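# Structural overview for review
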Amino acid sequence: MRLAELSERSGVPTATIKYYLREGLLAPGRQINARTADYDEEHLRRLRLVRAMIQVGRVPVATVREVLGHVDDDSLGRALRLGAAMWALPQVPEPDEDDEYIQAAQREVGALLDRLGWENAKQLTTISPAYRSLVVAVAAFRRLGYDWGAELLAPYAELMHRTAVLDLDNMETHPSQAERIEFAILGAILNEPVLQALHRLAQEEETTRRYGFE
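Residues numbered from 1 in each chain as written. Predicted model: local features only at pLDDT ≥ 70, side-chain atom pairs only at ≥ 80, totals over all residues. Heavy atoms only, no water.

Within the protein one finds ten helices and two strands. If one aligns the C-alpha atoms of the protein with their principal axes, the spans along those axes are about 65 × 45 × 30 Å. For the protein, the proportion of its 214 residues judged to be buried stands at 33%. Look at the contacts in the protein between residues 6 or more apart in sequence, and 62% of them connect residues 24 or more apart. Total accessible area on the protein is roughly 13600 Å²; 54% of this is exposed by carbon and sulfur atoms. (Helix = DSSP H or I, 4+ residues; strand = E, 2+ residues; numbered from the N terminus. Buried < 20%, exposed > 50% of the residue type's maximum accessible area, 1.4 Å probe, protein only. Contact = heavy atoms within 4.5 Å. Areas by Shrake-Rupley, 256 points an atom, 1.4 Å probe, with all protein chains shown as cover.)

Shown next as structure tokens:
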């Protein structure tokens with residue numbers, strides 16, 4: 001397809017597509033002549049992924065380039081490609097290791113991982129943005145006087161593990177490795193708001209069941 005058709009099918013203006021091409025977010029098309037290139041379904045799929053990351057996920061262009069670089073790196077195995085791509089997404093800042101609430105949160109999260117038997121997660125604590133995010137959140141609760149710890153977190157973690165199983169089961173239905181990784185990245189951007197919305201709807205439902213509309 002030509003650029004105009006790619007724009008029509010994707011809903012992305014041609015000027016924006018040209019910008020993505022210049023920034024390396026989209027591979028060049030097959031050159032037909034000096035001014036015309038041909039694009040295929042792979043370009044369309046990648047364009048939709050880029051658009052979702054930028055528009056829905058609010059991911060900066062430079063970060064999108066880094067994430068897609070990991071997605072396209074054939075030298076990495078599936079787990080490393082997925083991990084590197086996910087870790088390139090925007091994350092919370094490094095926590096203050098001297099903060100007593102951070103230290104307490106690290107102990108509780110460590111106890112949680114022990115309780116769950118998540119040995120791989122334990123090995124990645126020094127580099128995992130997800131671990132860091134959890135520590136920061138638990139520390140915030142504890143700073144406000146809420147004693148969130150391993151015992152209270154465990155049931156939530158078990159629910160999230162079942163969610164992760166569903167995520168990977170869905171990912172593995174896609175035929176190519178690149179599609180699987182792309183699906184996982186898109187899931188991290190779009191599925192988390194879906195899960196958050198479902199959580200809030202469930203809270204609304206359960207609240208009104210227990211207390212009515214008082």
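If you add up the space inside the second largest pocket, you get close to 220 Å³. Residue lining of the second largest pocket: 15 residues in total, with Ala27, Glu42, Arg46, Asp72 and Glu182 positioned closest to the centre. Among the secondary structure elements, those contributing two or more residues to the lining of the second largest pocket are α3 (41-56), α4 (61-71) and α10 (177-211). Looking at which element gives the most residues to the lining of the second largest pocket, the answer is α3, with four residues. Classifying every residue of the lining of the second largest pocket gives five nonpolar, four polar and six charged. (1 Å grid on protein atoms, 1.4 Å probe; cavity = no way out; pocket = protein on both sides within 12 Å on 5 of 7 lines; lining within 4 Å. Points joined across faces, edges and corners; volume = space filled by probe spheres on them. Nonpolar A, V, L, I, M, F, W, Y, C, P; charged D, E, K, R; others polar.)

What follows covers the nonpolar core. Of all hydrophobic cores here, the largest spans 25 residues; its most connected members are Leu6, Tyr20, Met53 and Val64. Listed by contribution, the elements that provide at least two residues to this core are α1 (3-10), α2 (14-22), α3, α4 and α10. Examining the composition of this core, we find that six residues originate from one element, α3, more than from any other. Core analysis: the next-biggest nonpolar cluster, separate from the first, contains 14 residues, Ile102, Leu113, Tyr131 and Ala154 among them. (Core = buried A, V, L, I, M, F, W, Y, C linked by side-chain atoms within 4.5 Å.)

A cluster of nonpolar side chains, Val194, Leu195, Leu198 and Leu201, forms an exposed patch at the surface whose accessible area comes to about 340 Å². Within the secondary structure, Leu198 sits in helix α10. (Patch = residues over 30% accessible without salt bridge, like charges linked within 9 Å, V, L, I, M, F, W, Y side chains within 5 Å. Salt bridge = Lys/Arg side-chain N within 4 Å of Asp/Glu carboxyl O.)

Another aspect to go through is the pairing of strand β1 (residues 30-33). Examined bridge by bridge, β1 and strand β2 (residues 36-38) share three bridges and lie antiparallel to one another. Residue pairing across strands places Gln31 opposite Ala37, the latter belonging to β2. Following β1, the chain reverses through two residues before pairing antiparallel with β2. (Pairing = 2+ DSSP bridges.)

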